[in-house]
Amino acid sequence: MALTLKGIDNDNEFYTAHYLATMLEEDLKPAISAWSTLGRASPAEQLKQLAKTWPAYQDDLAQQSTPADRFSREREFVTALLTALGYDATPVTRYGETNLEIALAAEALQPSGEPVVWAIHAPESSDPDSDPLDLPLGEDPEQSLEDILSADVFPLSTPPRWIIVLAGHHVVLVDRTKWAARRMLRFDLAILFTDRDA
């Protein structure tokens, strides 16, 4: 039986329909089995606990009076989310191909020190349903995050394989090897954290 992916968009077939229908569930079994030995410390349990805070978090966000205050409150939640997923959510600054400063919410490195994952917390747009990749991420309001990934991140001599973009209720997972076709996974936390069928 194919997994239900409510709250997850498989943009441009990040995974093929055949893989989702016949192979994904089997491929996830080793990770799920390993998590089961961790009890309440497992990512799955940590995410369940975090989901319980979502309504209060949304109420708290609505009380923030300035964009800076809202971004700061978002960063607290982003840190909790990345920590639940097993990342060391220590902010760090890296530089793109054009020496653009890129603030990361977290990163994962290979033993050699080369980057594997960069997590980027982007300010939420005034339109909560806008595409996070269309948002600016720096001093140039005309330069979107999509532009930055294409021009500054992936052309690096040792670029990360994976990019996690977090903005508002959106999480976008980008694989460098699939970027040219704009194939990515999009997660809607507002659905995943509130819909019991998700």
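To keep things clear, this report deals only with the structure shown in the data block. (Residues numbered from 1 in each chain as written. Predicted model: local features only at pLDDT ≥ 70, side-chain atom pairs only at ≥ 80, totals over all residues. Heavy atoms only, no water.)

**Some words on the overall build of the protein**
We apply this condition: Going along the chain from the N terminus, every DSSP run of H or I of four or more residues is numbered as a helix, and every run of E of two or more is numbered as a strand. Throughout, the radius of gyration refers to the C-alpha atoms, and the reference size of a globule is 2.2 Å times the residue count to the power 0.38. When a residue's accessible area, from a 1.4 Å probe over protein chains only, is under 20% of the maximum for its type it is buried; when over 50% it is exposed; and in between it is partly exposed. The contact criterion used throughout is that any non-hydrogen atoms of two residues lie within 4.5 Å. Using a 1.4 Å probe, accessible areas were evaluated by the Shrake-Rupley method; residue-level cover was limited to the displayed protein chains. Positive residues here are Lys and Arg, negative ones are Asp and Glu, while His and the chain termini are left out of the count. Here the site of a charge means atom NZ of a Lys, CZ of an Arg, CG of an Asp or CD of a Glu.
Along its length, the protein carries seven helices and eight strands. Here the C-alpha radius of gyration of the protein, 17 Å, is about what a compact globule of 198 residues would show, namely 16 Å. For the protein, the spread of C-alpha atoms along the principal axes amounts to about 45 × 40 × 30 Å. Here the protein holds 198 residues, and the buried ones make up 34% of them. Considering only contacts in the protein between residues 6 or more positions apart, those separated by 24 or more positions represent 51%. When the accessible surface of the protein is split by element, carbon and sulfur atoms take 53% of a total near 11300 Å². If the 16 positive side-chain charges of the protein are averaged to one point and the 32 negative ones to another, these points end up 8 Å apart.

**Describing a negative patch on the surface**
So the rule is basically this: Here a patch means residues that are over 30% exposed by relative accessible area and free of salt bridges, tied together within 9 Å if like-charged and within 5 Å if nonpolar (Val, Leu, Ile, Met, Phe, Trp, Tyr). Should a side-chain nitrogen of Lys or Arg be within 4 Å of a carboxyl oxygen of Asp or Glu, the pair is scored as a salt bridge.
Together, Glu-101, Asp-134, Glu-139, Asp-140, Glu-142 and Asp-147 give the surface a local cluster of negative charge. Here Glu-142 lies in the loop between strand E5 (115–121) and helix H6 (145–153). Relative accessible area serves as the criterion here: at 67%, Glu-142 is assigned to the exposed category.

**Here's the deal with the layout of surface pockets**
How we decide: Buriedness of a pocket was judged along seven lines, with at least five required to meet protein on both sides within 12 Å; pockets are open sets of points on a 1 Å grid over the protein atoms alone, cavities are sets where a 1.4 Å probe fits but cannot get out, and lining residues have an atom within 4 Å of a point. Grid points are joined across faces, edges and corners, and a volume is the space filled by probe spheres set on the points. When residues are sorted by character, Ala, Val, Leu, Ile, Met, Phe, Trp, Tyr, Cys and Pro go into the nonpolar class, Asp, Glu, Lys and Arg into the charged class, and all the rest, Gly among them, into the polar class.
Estimates place the volume of the largest pocket at around 1700 Å³. Around the largest pocket, the lining is made up of 38 residues, and of these Ile-8, Trp-35, Leu-47, Leu-85 and Phe-187 lie nearest the centre. Of the residues that constitute the lining of the largest pocket, the class distribution is 30 nonpolar, two polar and six charged. What the second largest pocket holds in volume is close to 220 Å³.

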